[in-house]
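Spelled out from the first residue to the last, the chains are:
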Amino acid sequence: MLKGIGRVLIDEQTLMRRIDEMGEQITRDYQGKDLVLVGILKGSVLFLADLVKRIKLPLVIDFMAVSSYGSSTHSSGVVRILKDLDEEIEGKDVLIVEDIIDTGLTLNYLTELLLSRNPRSLKICCCLDKPSRRKVPVKVDYVGFSIPDEFVVGYGLDYAEKYRNLPYICILDPDEVE
Ligand code: PRP
Ligand code: MN
Ligand code: MG
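These notes cover the structure that comes with them. (Residues numbered from 1 in each chain as written. Chains lettered and ligands numbered in written order. Predicted model: local features only at pLDDT ≥ 70, side-chain atom pairs only at ≥ 80, totals over all residues.)

When its secondary structure is counted, the chain shows 3 helices and 9 strands. Taking 16 Å as the expected radius of gyration for a compact globule of 178 residues, we find that the chain reaches 16 Å, a close match to that expectation. A total of 178 residues make up the chain; the buried ones form 30% of that total. Here the contacts in the chain between residues at least 6 apart in sequence split such that 65% fall between residues at least 24 apart. (Helix = DSSP H or I, 4+ residues; strand = E, 2+ residues; numbered from the N terminus. Rg over C-alpha atoms; globule rule 2.2 N^0.38 Å. Buried ≥ 20, exposed ≤ 12 C-beta atoms within 10 Å, placed from the backbone. Contact = placed C-beta atoms within 7 Å.)

The next subject is the environment of Leu85. With respect to the helices and strands, the residue Leu85 is situated in the loop between strand S4 (79–83) and strand S5 (93–101). A residue is classified by how many C-beta atoms lie within 10 Å of it, and Leu85, with 15 of them, is partly exposed. Residues in contact with Leu85, not counting those within four places in the same chain, are Val38, Asp62 and Met64.

On to the sheet that holds strand S2 (residues 35–41). The mixed open sheet is built from 6 strands, whose spatial order is S4-S3-S2-S5-S6-S7. Where the open sheet ends on each side, the last strands, each with one partner, are S4 and strand S7 (142–146). With direction set aside, neighbouring strand axes in the sheet form an average angle of 30°. In terms of strand pairing, strand S6 (residues 121–129) meets S7 through 4 bridges, oriented parallel. Bridged to Cys125 within S7 is Tyr142. Relative to the sheet, helix H2 (residues 45–52) contacts S2, strand S3 (60–68), S5 and S6, its axis offset from that of S2 by approximately 155°. Sheet contacts for helix H3 (residues 105–115): S3, S4, S5 and S6; angle to S5, the most-contacted strand, approximately 170°. (Pairing = 2+ DSSP bridges. Axes fitted to C-alpha atoms, helices over the stretch in contact; angles between N-to-C directions.)

Lys42 follows Leu41 through a cis peptide bond whose omega is 0°. Here Lys42 lies in the loop between S2 and H2. If you check the backbone angles, Ala160 has positive phi at about 50° while not being a glycine. Here Ala160 lies in the loop between strand S8 (152–153) and strand S9 (169–172). Residue Ala160 is classed as exposed on the basis of its C-beta count, with 9 C-beta atoms lying within 10 Å.

Moving on: the site of ligand 1. The environment of ligand 1 is made up of 14 residues, and the closest members are Lys42, Gly43, Asp102, Thr103 and Thr106. Secondary structure elements with two or more residues in the shell around ligand 1: S2, S5 and H3. For the shell around ligand 1, the element with the most residues is S5, which contributes 4 residues. Residue composition of the shell around ligand 1, by class: 5 nonpolar, 4 polar and 5 charged. (Near = placed C-beta within 6 Å. Nonpolar A, V, L, I, M, F, W, Y, C, P; charged D, E, K, R; others polar.)

Among all positions of H3, only Leu105, Thr106, Leu107, Tyr109 and Leu110 are buried. Buried-residue contacts for H3 involve S3, S4, S5 and S6.

Okay, the sheet that holds S9 next. Ordered in space as S1-S9-S8, the 3 strands form an open sheet in which the pairing is antiparallel. Each edge of the open sheet is held by one strand with a lone partner, namely strand S1 (5–10) and S8. Both S8 and S9 contribute to a ladder of 2 bridges, which runs antiparallel. Across the sheet, residue Val153 finds its bridge partner in S9, namely Cys170.

This is how it looks when you write it as structure tokens:
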């Protein structure tokens with residue numbers, strides 16, 4: 001058993017059914033476009049892997065790795081790029097893929113940065129959204145699930161780098177974790 005794992009919030013079948021729908025919608029919306037999916041490491045990798053299998057279009061996958069700048073527990077909203085994209089995105093139809101949008105600081109920063117490179121279009125696709133936590137506005141174009149303000153792990157989301165491999169989303173009780 002995994003210590004600290006509480007209630008399952010979104011089970012695997014529910015995740016896959018919703019991702020089926022999202023893949024179909026993206027397939028319709030990006031017909032004839034020059035699609036580049038940008039996964040934000042590390043949290044997005046499980047979602048991205050399942051999503052791309054359901055997008056029936058030619059596409060390119062690229063990754064960025066970022067970390068909130070500074071040591072303060074409160075993110076300043078300044079994001080440090082640990083790994084940049086491999087490819088140019090000028091003139092491309094870019095879709096950022098994230099596991100979760102919380103305060104919005106990461107995506108707010110990344111949106112500004114990527115827009116400065118003149119893509120033809122830039123949209124955001126998130127598996128989870130916690131709208132009650134937002135500090136800065138971010139327009140999210142595709143949302144898998146809107147969730148309450150609970151600490152969730154699994155399906156890419158970590159607590160101290162653990163639990164990412166769980167195939168479902170569950171609520172973590174930090175008091176129960178070693
Ligand atoms: C988490 C999550 C999002 C971001 C959301 O990443 O995966 O990328 O935080 O938070 P925000 O909306 O408040 O900016 P984290 O920085 O923990 O890195 P990880 O993906 O490697 O876990
Ligand atoms: Mn992340
Ligand atoms: Mg994390």
